[in-house]
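Read off the chains here:
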Amino acid sequence: MSLEYADEWWRKNCVWGEFRRMGIKIRTACFLNPENRANVVLVTGWGDSVLKYNETIKYLYQRGFNVFTYDHQSQGLS
């Protein structure tokens, strides 16, 4: 996926995925850290995209956490 608005860090570390819920595509994003201290699932607000949490995701990742998140139906990249 080409994200011209995502910075180099996102393009390097984000693994995009998707699943379908009632025929609607839901976009997922995961950041797998080699240190793998623990897993964090970041559930965004209804009107928010995962891209809004860029700094939070980076902060957790840089401290060794895997981060998993998604955009709600009809929000962000879903």
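Note that the coordinates shown come from a computational prediction; the quantities given were computed from them, not determined experimentally. (Residues numbered from 1 in each chain as written. Predicted model: local features only at pLDDT ≥ 70, side-chain atom pairs only at ≥ 80, totals over all residues. Heavy atoms only, no water.)

## Considering the overall build of the protein
Here comes step 1: Looking only at helices and strands, one finds two helices and four strands in the protein.
Here comes step 2: Helices and strands in the protein line up, N terminus first, as α-β-β-β-α-β.
Here comes step 3: Looking at the protein residue by residue over its 78 residues, the buried ones come to 41%.
Here comes step 4: Considering only residue pairs separated by 6 or more positions, the protein has 64% of its internal contacts joining residues 24 or more positions apart.
Here comes step 5: With an accessible surface of roughly 4900 Å², the protein has 52% of that area assigned to carbon and sulfur atoms. (Helix = DSSP H or I, 4+ residues; strand = E, 2+ residues; numbered from the N terminus. Buried < 20%, exposed > 50% of the residue type's maximum accessible area, 1.4 Å probe, protein only. Contact = heavy atoms within 4.5 Å. Areas by Shrake-Rupley, 256 points an atom, 1.4 Å probe, with all protein chains shown as cover.)

## Some remarks on the environment of arginine 37
Here comes step 1: One can find arginine 37 in the loop between strand E2 (24-31) and strand E3 (38-43).
Here comes step 2: Here arginine 37 falls in the exposed class, since its relative accessible area comes to 55%.
Here comes step 3: Not counting residues within four places of it along the chain, the set of residues in contact with arginine 37 comprises Arg63, Gly64 and Phe65.
Here comes step 4: A polar atom in the side chain of arginine 37 sits 2.7 Å from the backbone oxygen of arginine 63. (Polar contact = N/O pair within 3.5 Å; in protein donor to acceptor, adjacent residues only side chain to side chain.)

## Things to note about the pairing of strand E4 (residues 65-70)
Here comes step 1: Where E2 meets E4, four bridges bridge the pair, whose relative direction is antiparallel. Along E4, the bridge assignment pairs alanine 29 with threonine 69.
Here comes step 2: Bridging between E3 and E4 involves six bridges; their strand directions are parallel. For valine 41, the partnering residue across the bridge sits in E4 and is phenylalanine 68.
Here comes step 3: Between the parallel elements E3 and E4, the chain passes through helix H2 (residues 54-62) in a crossover that is right-handed. (Pairing = 2+ DSSP bridges. Right-handed = clockwise from strand over helix to strand, strands pointing away.)

Nothing here speaks to function; it is all geometry.
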